[in-house]
Amino acid sequence: MSDRAVFAWVIDGLNRRLAEPSGDPKQRRVYNALRAWIVSGELMPDMRLPSSRLLARETDMGRNTALGAIDQLVAEGFLVAREGAGVYVTAVGFAGLSDTPNAPTSDRLSQRGRAVLAVSPDDAVTHPAFTLGMPALDRFPEARWRRVVRRHQRPGAQQALHYRTHGGHPDLKAAIADYVRLARGVVCQADQILITHGTQQGLGLVATLLADGGDSAWIEDPGYLGARAAFQAADLRLIPVPVDDDGLDGSAVASAHPAPRLIYTTPSNQYPRGVTLALKRRLALLETARQHEAWIVEDDYDSELRYVSSPLACLQGLAGGAPVIYLGTFSKTLFPALQLGYIVVPRALISRFRRANARLFREEDPALQAALADFMNSGEFAAHIRKMRRCYRRRQAALREALAPATNAGLRLSSGAAGLHLVAYLDSIAQETRLVDEGAAVGVSLARLSTYFIGGRTEPGLVLGYAGADEAEIARPGGWLARAWRASQDDGS
Ligand SMILES: Cc1ncc(COP(=O)(O)O)c(C=O)c1O
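Keep in mind that this is a model prediction, so the values were computed, not measured.

Student: Looking at this model, I keep getting lost on the overall build of the protein. Mind explaining?
Tutor: Counting its secondary structure elements, the protein contains 15 helices and 15 strands. The globule rule puts the C-alpha radius of gyration for 493 residues at 23 Å, and the 30 Å found for the protein is more than 25% above it. Looking at the protein residue by residue over its 493 residues, the buried ones come to 49%. A fraction of 73% describes how many contacts in the protein between residues 6 or more apart in sequence connect residues 24 or more apart. Counting every atom, the protein has about 23100 Å² of accessible surface; 51% of that belongs to carbon and sulfur. Across the protein, 57 positive and 52 negative side-chain charges occur, with their mean positions spaced 5 Å apart.

Student: Is there a simple way to think about the side chain of Lys 173 in this case?
Tutor: When you line up the elements, Lys 173 lands in helix α7 (residues 170–184). We note that Lys 173 is buried and unpaired, the nearest opposite charge coming from Glu 363 at a distance of 7.1 Å. A polar contact is formed between the side chain of Lys 173 and the backbone oxygen of His 166, at a distance of 2.7 Å. Beyond its immediate chain neighbours, meaning those up to four positions away, Lys 173 contacts His 166, Gly 167, Gly 168, Ala 190, Ile 193 and Ile 195.

Student: Just to check I follow, could you spell out the sheet that holds strand β3 (residues 86–89) for this structure?
Tutor: The pairing of strands in a sheet comes from backbone hydrogen bonds and takes either a parallel or an antiparallel form. With antiparallel pairing, 3 strands are arranged side by side in an open sheet as β1-β3-β2. Looking at which strands have only one partner, the edges of the open sheet turn out to be β1 (48–49) and β2 (79–82). In the sheet, β2 pairs with β3 via 4 bridges, with the strands oriented antiparallel. Looking at β3, one finds that Arg 82 is bridged to Gly 86.

Student: What should I look at first to understand the packing of helix α8 (residues 199–210) against helix α11 (residues 347–360) in this one?
Tutor: A pair of packed helices can be characterised by two numbers: the angle between their axes and the separation between those axes. Two elements in contact, α8 and α11, have axes separated by 11 Å at closest approach and are oriented at 115°. Comparing their axes, α11 and α8 come out roughly perpendicular. Considering how the two elements wind past one another, α8 and α11 form a crossing that is right-handed. On the side of α8, the interface is formed by Gln 201, Leu 205, Val 206, Thr 208, Leu 209 and Leu 210, while α11 contributes Leu 349, Arg 352, Phe 353, Ala 356, Asn 357 and Leu 360. Residue composition of the contact of α8 with α11, by class: 8 nonpolar, 3 polar and 1 charged.

Student: Looking at this model, I keep getting lost on the packing of aromatic side chains. Mind explaining?
Tutor: Applying the stated criterion across every chain yields a total of 13 aromatic pairs. Measuring from ring centre to ring centre gives 5.2 Å for Tyr 179 and Phe 381, while their planes differ by 80°; the resulting arrangement is edge-to-face. Of this pair, Tyr 179 sits in helix α7 while Phe 381 is found in helix α13 (residues 380–407), placing the two residues 202 residues apart along the sequence. Each member of the pair, Tyr 179 as well as Phe 381, carries the same accessibility label: buried. Aromatic rings pair up to connect Phe 140, Trp 145, Phe 335 and Phe 375 into one cluster. Over the ring of Tyr 88 we find Arg 82; its NZ or CZ atom is 4.1 Å from the centre of that ring. Against the face of Tyr 425 rests Arg 412, its NZ or CZ located 4.4 Å from the ring centre.

Student: Help me understand the pairing of strand β5 (residues 216–221), please; the structure alone is not making it clear to me.
Tutor: Regular strands place side chains that alternate from one sheet face to the opposite one. With 6 of 6 residues buried, β5 lies mostly within the body of the structure. Side chains of β5 alternate between two faces, with Ser 216, Trp 218 and Glu 220 and Ala 217, Ile 219 and Asp 221 buried alike. Here β5 pairs with strand β6 (residues 237–244) via 6 bridges, running parallel. Paired with Ala 217 across the bridge in β6 is Leu 238. Remark: the β5/helix α9 (residues 225–233)/β6 crossover connection has right-handed handedness. Taken together, the 3 bridges between β5 and strand β8 (residues 260–265) define a ladder with parallel strand orientation.

Definitions and cut-offs
- Residues numbered from 1 in each chain as written.
- Predicted model: local features only at pLDDT ≥ 70, side-chain atom pairs only at ≥ 80, totals over all residues.
- Heavy atoms only, no water.
- Helix = DSSP H or I, 4+ residues; strand = E, 2+ residues; numbered from the N terminus.
- Rg over C-alpha atoms; globule rule 2.2 N^0.38 Å.
- Buried < 20%, exposed > 50% of the residue type's maximum accessible area, 1.4 Å probe, protein only.
- Contact = heavy atoms within 4.5 Å.
- Areas by Shrake-Rupley, 256 points an atom, 1.4 Å probe, with all protein chains shown as cover.
- Lys, Arg positive; Asp, Glu negative; His and termini not counted.
- Charge placed at Lys NZ, Arg CZ, Asp CG, Glu CD.
- Salt bridge = Lys/Arg side-chain N within 4 Å of Asp/Glu carboxyl O.
- Polar contact = N/O pair within 3.5 Å; in protein donor to acceptor, adjacent residues only side chain to side chain.
- Pairing = 2+ DSSP bridges.
- Axes fitted to C-alpha atoms, helices over the stretch in contact; angles between N-to-C directions.
- Parallel < 35°, antiparallel > 145°, perpendicular 65-115°, else oblique.
- Left-handed = near helix turned anticlockwise from the far one by under 90°.
- Nonpolar A, V, L, I, M, F, W, Y, C, P; charged D, E, K, R; others polar.
- Phe/Tyr/Trp six-rings, centres within 6.5 Å; stacked < 30°, edge-to-face > 60°.
- Lys NZ or Arg CZ within 6 Å of the ring centre and 35° of its normal.
- Right-handed = clockwise from strand over helix to strand, strands pointing away.

See the structure below:
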């Protein structure tokens, strides 16, 4: 194509583009049009472009607008200015860039990625009744919390705006150390605490630092899907350990598998069954970990929400120097979007954890951490927990009452001694499927117990969150479930 023909084509095209309605500035529109024609190959390498003077004369734009767009494309390498000869399309070929036959497709995910996605459902919350892991957001003292946060967000030293590598705000680390020592029996000092974005990040950090790809990790079966995902993302070999009324039973797998590097457990309130790890099992687990030089990963996610006794002492504090990494979170006691948690790490490892955390994940907003420290030190955190215990007792009672027509007829529920959900045990997977499907049809979303199993063995049931909905909101879906369960019993499914 001759220069003249190219000039005419560009001028014509730009006139059409500029006549179209758009909220963008003219220079951006000219830039976008020229760039798109170069990338798509309509303007080929080494084609000469009309000068800015000619463009300004033949289109509805000023010379500076044309110059600005051309200069930008020259700076980005799409055009080259040749001394005294004008501006040309760069010699780099863009052919094929706009259609992307090699763009990654879902088929090309890594195996680890696929395994993680298998336990990462896209669950949209439709109704607070039965939603899992949701605390009473309606009872959170939001206005008070926001005031505390605002107080700590005032401008301060510029240094506070820089990357941080301290393992968390010192006030928050101190407040957490005091709290877990008193409330959970954790043996630690503030310098052993690392603040995280929550348990999920803590699990990733533990897996990265303490295990190699292919190493074995014991994991409760049924168990927390977040732990499964974190360990699968680290390419660990998951060994399902059965859970009975006394918690996970390490003896069931001890001889059958290669030695574990990590042993994940929720001893204070097993997720999802809601049982506690019996003392003799705790001692046996510590012994197993010592024998194999494995680390126990203690996920103590909601043990302060206990209704039948004081919160249980943790595994970490049971014996001096226990090989335990202890993880806690504020997702259940305050609210999940806060995304603040902590790890308690043996002193020999803490600086390595701190450095790796700062490298891999960065540290959390110091103002938010300072606000949380304030919230804890002022006594409001403890007061909120006390209030929530009463609230969750009432909400659990409301769910039990709504389900009474079914429980009186034989539906078995978990003890509900702690936590934010009850498990309803069913007779068959067919019954589980039927209730989940019927629930979906009437807008009640139900979580299947069977999806928490990993080792082939499975049990049918429903995991029913009760904390996120008030008593009135629980009554209707609870009543519906009792009726649906009875109907499914009568039909024998
Ligand atoms: C067993 C268990 N651990 C931890 C968490 C919370 O993790 P995070 O701090 O990442 O929100 C949950 C939330 O549902 C959980 O069920």
